[in-house]
Structures are given as structure tokens and as C-alpha cells.
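Results of the structural survey
Each chain is listed here by its residues.
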Amino acid sequence: VSDEGVVFVFGAAFGDKITQLTPQKAIKLLKSNGKEFRNYQRDTEGATLDSRNRLILSFEGQPKIARFAPDGKEQTTYKIPYKLSQTQFLRHKNKGLEALAYHPMYGLIFAAEYPIKRDNKKIQTLYSGNGFEWKFKASNAQNSAVSAIEVMDDGNILVLERAYNGLFAPFVVTLKKVYINRQCHQKRLCKDEVLAVLDNSKGWSLDNFEGLTKVAPNRYLMVSDDGGNFYQDTLLIYFRVK
């Protein structure tokens, strides 16, 4: 998905590496009446498929989670917590519903890029559509933000955090497992396990990673946003969690 409200579809094949990646089509997202979204309404960030393989997207600008038909028309919107639905509660109007995944037990799980204003800056929260919340410590890297989440094979959550502090500062990506299945959905912090810390100042080829999806058991794909910037790239990284 792009920040301009377009879904791009690729055919892909995976072995030990990405063996094939073929562009197939681009689908512009539209309102249910077929009209185009205004600029502030089309900032798509999170994407997932539900149990019936229907496309569900989360939006910044005007915070929203909605389901879309194969032709790109909006079909329905989902209720989100009031504290996430209003931009005045967010750290910034463009730091809203960044990450989205579908869980077989909890349904939609989503996260804001940064903790909302009333919460501790160092404590991130995962939210579910049925009212559950799971809190965990944010990474230590400066300006670390949740940019994507995915459900792992054991039902816990793989979190992609990225710390971006300008083109000439180290760019750090942290992959973290958050254990939501250990009764930490009230006031207790969930246990988390750092799986990898990737730092471009230490030789990693990194960019602004904002997308994450599971393509097979224990195998994932993450994608970066080039921001329409000459100095940034769209990168796909395929990896395995042991």
C-alpha cells in the first residue's frame, strides 16, 4: 500500500530467497460510492487479510480501519478506540494507526506509531478491536516507532520498530517478539524478546521499513518506504525467524 491510497499487487515465489517478484496491477482506493478520497483521507499505512482473505487497511491523517473490495471500493469501517480516532490525542497528526494485523483469536490488532499523548513515551501499546490492550517497552533507539506488526505462528506478535533521525544519522530497525498470550493484557507489561537489531552504520542495507507480512511458517517479508525521495529506496527483505 502507498501513502497515496493505492494498493500494488505482485506475484511472488519464495525459496531460500525471493525467486520471483512480478508486478501485476495497481488498485486505487475509492469511497463506497466510487468517488476518490481527499488527500488527508487516503494515507494508507497498515494492511492485512482477515480469515476470509478480505483486504483491511489502516489510515493515518484521518484515523480509520476499513475493509475494501477487490476493485478498491470501501465496504465497511471498523470501530476503533476513541483515544485513537481523534488526532488531538496522538503525538502528531501523522503518527496514528501505523500497524495492523489479523489474529485468529483476537481479530484485528493495531498500533499507533508512537504512544498516545497521555501514555508513557517509552511504553508502546497493541490494541484489539474487541477491547484488549497489551503494553510493552519501546526500543532504546532514539525516536523508535512501531511501523508494522504481524501474527507469528504461535499467536504472539512480531513487531517492527524503526528509528529514523534524518538521512545522515544511523537508521536502526528492531525486530521484536511480544508475548501477548501470557495474561499481560491488563496493567502488566508484556514480555518481549529482541530478535534482531539492524543498524545501517554497521553495514546493514536499510531504509524506512514500514511493512511486514508472513509468507510461510516462520518466514516473513518486510518492505521500506522510499518517501518519494531520491536518497531512499524501496527495499524488500525476506527473512526467517528461527
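Before reading further, recall that the structure is shown in the block above.
Before going further, it helps to examine the pattern of salt bridges. Taken as a whole, this structure holds eleven salt bridges when the rule is applied. Where E133 meets K83, a salt bridge forms, and the shortest distance between an N and an O atom there is 2.7 Å. You can see E133 sitting in strand 10 (residues 133-137) and its partner K83 sitting in helix 1 (residues 82-85), a full 50 residues away along the chain. Considered together, E133 and K83 belong to a single accessibility category, that of buried residues. In this structure, R162 engages E210 in a salt bridge whose closest nitrogen and oxygen atoms are separated by 3.0 Å.

What follows covers the pairing of strand 5 (residues 64-68). The element strand 5 is largely enclosed, with a buried count of five among its five residues. Burial along strand 5 is two-sided: K64, A66 and F68 facing one way and I65 and R67 facing the other are all buried. As defined by bridge partners, strand 4 (residues 55-59) adjoins strand 5 across five bridges and the pair is classed as antiparallel. For L55, the partnering residue across the bridge sits in strand 5 and is F68. Taking the residues between adjacent antiparallel strands as the criterion, strand 4 and strand 5 are bridged by four residues, where G61 takes a positive phi near 80 degrees. Here three bridges tie strand 5 to strand 6 (residues 74-77), and the two strands are oriented antiparallel to one another. Bridge pairing in strand 6 places F68 opposite E74.

Residues I109, L126, W134, I149, I157 and I180 are the most contacted members of the largest nonpolar core, which totals 17 residues. A total of three residues in this core trace back to one element, the largest contributor, which is strand 11 (residues 144-151). If near-sequence neighbours (up to four positions away) are discounted, L126 is found in contact with I109, F110, A111, F132, E133, W134, F136, I149, I157, V178 and I180. Among the nonpolar cores identified, the runner-up in size contains 16 residues, and A148, L206, F209 and F239 belong to it.

Glancing now at the sheet that holds strand 9 (residues 123-128). Within the open sheet, the four strands sit side by side as 7-8-9-10. Their pairing is antiparallel. For this open sheet the edge positions go to strand 7 (97-103) and strand 10, each flanked by a neighbour on one side alone. When the angles between neighbouring strand axes are averaged without regard to direction, this sheet yields 25 degrees.

With that settled, consider the sheet that holds strand 3 (residues 44-49). Judged by pairing direction, the sheet is antiparallel, and its four strands sit side by side in the order 3-4-5-6 without closing on themselves. Each end of this open sheet is capped by a strand with a single partner; those strands are strand 3 and strand 6. The average angle at which neighbouring strand axes cross in this sheet is 30 degrees, direction not considered.

What follows concerns the environment of K17. Following the sequence through the fold, K17 ends up in the loop between strand 1 (6-14) and strand 2 (18-28). Look at K17 and you get exposed, because its relative accessible area is 64%. Each C-alpha atom, one on K17 and one on I237, is 9.2 Å from the other, the two residues being 220 residues apart in sequence.

The rules we used
Residues numbered from 1 in each chain as written. Predicted model: local features only at pLDDT ≥ 70, side-chain atom pairs only at ≥ 80, totals over all residues. Heavy atoms only, no water. Salt bridge = Lys/Arg side-chain N within 4 Å of Asp/Glu carboxyl O. Helix = DSSP H or I, 4+ residues; strand = E, 2+ residues; numbered from the N terminus. Buried < 20%, exposed > 50% of the residue type's maximum accessible area, 1.4 Å probe, protein only. Pairing = 2+ DSSP bridges. Core = buried A, V, L, I, M, F, W, Y, C linked by side-chain atoms within 4.5 Å. Contact = heavy atoms within 4.5 Å. Axes fitted to C-alpha atoms, helices over the stretch in contact; angles between N-to-C directions.

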